[in-house]
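Coordinate inspection notes
Take a look at the letters that make up each chain.
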Amino acid sequence: MSDGQFITVEGIRKTYRVGGSNVNALDGLDMTLAKGEMCTLMGPSGSGKTTLLNMLGGLDVPDEGSVRIGKVELTRLSEGQRAAFRRGNVGFIFQFFNLIPSLTALENVLVPVMFDSRDMSDRARELLERVGLSNREGHLPGELSGGERQRVAIARALINDPSLILADEPTGNIDSETAREIVSLFKELNSEGKTLILATHDRLVASRSGRSLRMRDGRLVRGGPQKRAPAGDSG
Ligand code: ADP
Ligand code: MG
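Everything numeric in this text was worked out from a predicted model, so none of it was measured.

1. Points about the overall build of the protein
- The helix and strand inventory of the protein stands at seven helices and ten strands.
- Taking 2.2 N^0.38 as the reference for a compact globule, 235 residues should give roughly 18 Å; the C-alpha atoms of the protein span a radius of gyration of 18 Å, in line with that estimate.
- Expressed along its principal axes, the backbone C-alpha trace of the protein runs to roughly 45 × 40 × 40 Å.
- Counting all 235 residues of the protein, 47% fall into the buried class.
- Partitioning the intrachain contacts of the protein with sequence separation of at least 6 by distance along the chain shows that 71% fall at a separation of at least 24.
- Of the roughly 11500 Å² of accessible surface on the protein, a fraction of 46% belongs to carbon and sulfur atoms.
- Taken as two groups, the 31 positive and 30 negative side-chain charges of the protein have centres that lie 6 Å from each other.

Next up, the structure:
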């Protein structure tokens, strides 16, 4: 894959029908992103950030428009093909961590590969070590702090070495000190060449990413403040 445009979104619309009226969660949104960018997505609650992340990760498809990741047009894939694309290429991180309460930290990291024939437990251990949790692999989520849970979720997102990481308010439920550490981890992943898109309300997160996009009413706001990292900063 070349280093140029990595994500191309054109004219995507998503309308939800709620109690007899229509909600335009995405209203003809366009966006492009280069490989290796770290970008935040800001905007008020209800502006469509989560819906957009779901489209970029192939969790859902738009009613209209196109979503291209690398050479793959996601809207042309079947549901099964999209699931396979997602497993191989995308890591998701959520606000509420979405860990399985009855599984240990290590087992949670292994969830995306539980149907693989390969034994990935060594890799899962390495990832837990990488996020600073090697001494917590046998802990259940209920025995971990919010920041630790989010780090388990990040390790889980990395298990298949995705090129694209999508995080939905990843620091929304952790204290600001821990948030700082999580952002440093994201920066590190970005410096290794991963492309990251982080939906956030957190100015700290936005200030440390190369680019900040703002959403309103299902579109990107044009001409909003955009901070670009100095050339060469991302690699
Ligand atoms: P954000 O993440 O920026 O808060 P969302 O993408 O979650 O925004 O939501 C955008 C709009 O779409 C909101 O008005 C929300 O209520 C609506 N919406 C999102 N998901 C659904 C759904 N599954 N069913 C109905 N409406 C939805
Ligand atoms: Mg949201």
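2. Let's talk about the side chain of Thr104
- Structurally, Thr104 is set in the loop between strand E6 (90-93) and helix H3 (105-110).
- Of the residues examined, Thr104 reaches a relative accessible area of 17% and is grouped as buried.
- Those residues in contact with Thr104 that lie beyond four places of it in its chain are Glu137, Gly138, His139 and Leu140.

3. Here we look at the site of ligand 1
- Taken together, Tyr16, Val18, Val23, Ala25, Pro44, Ser45, Gly46, Ser47, Gly48, Lys49, Thr50 and Thr51 make up the full set of residues near ligand 1.
- Take Gly46: an N or O atom from its main chain is 2.7 Å from an oxygen atom of ligand 1.
- In this structure, an oxygen atom belonging to ligand 1 sits 2.5 Å away from a side-chain N or O atom of Thr51.
- In the complex, the protein chains occlude 62% of the 560 Å² of accessible area that ligand 1 would expose alone.
- Secondary-structure elements contributing two or more residues to the shell around ligand 1 are strand E1 (5-18), strand E2 (21-34) and helix H1 (49-56).
- At three residues, the largest contribution of residues to the shell around ligand 1 is made by H1.
- Within the shell around ligand 1, the residues separate by chemical class into five nonpolar, six polar and one charged.

4. Thoughts on the side chain of Arg82
- With respect to the element layout, Arg82 can be found in helix H2 (residues 79-89).
- Of the side chains with opposite charge, Glu79 comes closest to the buried, unpaired Arg82, at an N-O distance of 4.7 Å.
- Dropping the residues within four chain positions of it, Arg82 is found in contact with Gly58, Leu59, Asp60, Val61, Leu74 and Leu77.

5. Things to note about the sheet that holds strand E7 (residues 164-168)
- Strand order in the open sheet made by the six strands is E6-E7-E8-E3-E9-E10, with mixed pairing throughout. What marks the edges here is a single partner per strand, and that holds for E6 and strand E10 (219-220).
- Against the sheet, H2 makes contact with E6 and E7, and its axis sits at roughly 80 degrees relative to E6, the strand it touches most.
- Set on the sheet, helix H5 (residues 146-158) makes contact with E6 and E7; between it and E6 the angle comes to about 165 degrees.

6. Considering the pattern of salt bridges
- Taken as a whole and assessed by the stated rule, the structure comprises 13 salt bridges.
- For Arg13, the salt bridge is made with Glu64, and the minimal N-O distance between the two is 3.5 Å. Linking Arg13 in strand E1 with Glu64 in strand E4 (residues 64-69), this pair joins segments that are 51 residues apart in sequence.
- Through salt bridges with shared partners, one network takes in Arg13, Asp27, Glu64 and Arg219.

7. As for the packing of helix H4 (residues 121-130) against H5
- Their axes nearest at 9 Å, the elements H4 and H5 cross at an angle of 135 degrees. Considering the angle they form, H4 stands oblique to H5. The way H4 lies across H5 gives a crossing that is right-handed. Here Arg123, Leu127 and Leu128 of H4 lie close against H5, whose contacting residues are Val152, Ala155 and Leu158.
- For the contact of H4 with H5, a count of residues per class yields five nonpolar, no polar and one charged.

8. Concerning the confidence of the model for the protein
- Averaged over all residues, the pLDDT of the protein equals 91, while 93% of them reach at least 70.
- Ignoring residues within four places in sequence, the model shows residues 231-235, a span with pLDDT below 50, making five contacts including any to other chains.

Quick notes on the rules
Residues numbered from 1 in each chain as written. Chains lettered and ligands numbered in written order. Predicted model: local features only at pLDDT ≥ 70, side-chain atom pairs only at ≥ 80, totals over all residues. Heavy atoms only, no water. Helix = DSSP H or I, 4+ residues; strand = E, 2+ residues; numbered from the N terminus. Rg over C-alpha atoms; globule rule 2.2 N^0.38 Å. Buried < 20%, exposed > 50% of the residue type's maximum accessible area, 1.4 Å probe, protein only. Contact = heavy atoms within 4.5 Å. Areas by Shrake-Rupley, 256 points an atom, 1.4 Å probe, with all protein chains shown as cover. Lys, Arg positive; Asp, Glu negative; His and termini not counted. Charge placed at Lys NZ, Arg CZ, Asp CG, Glu CD. Near = heavy atom within 4 Å. Polar contact = N/O pair within 3.5 Å; in protein donor to acceptor, adjacent residues only side chain to side chain. Nonpolar A, V, L, I, M, F, W, Y, C, P; charged D, E, K, R; others polar. Salt bridge = Lys/Arg side-chain N within 4 Å of Asp/Glu carboxyl O. Pairing = 2+ DSSP bridges. Axes fitted to C-alpha atoms, helices over the stretch in contact; angles between N-to-C directions. Parallel < 35°, antiparallel > 145°, perpendicular 65-115°, else oblique. Left-handed = near helix turned anticlockwise from the far one by under 90°. pLDDT = per-residue confidence, 0-100.

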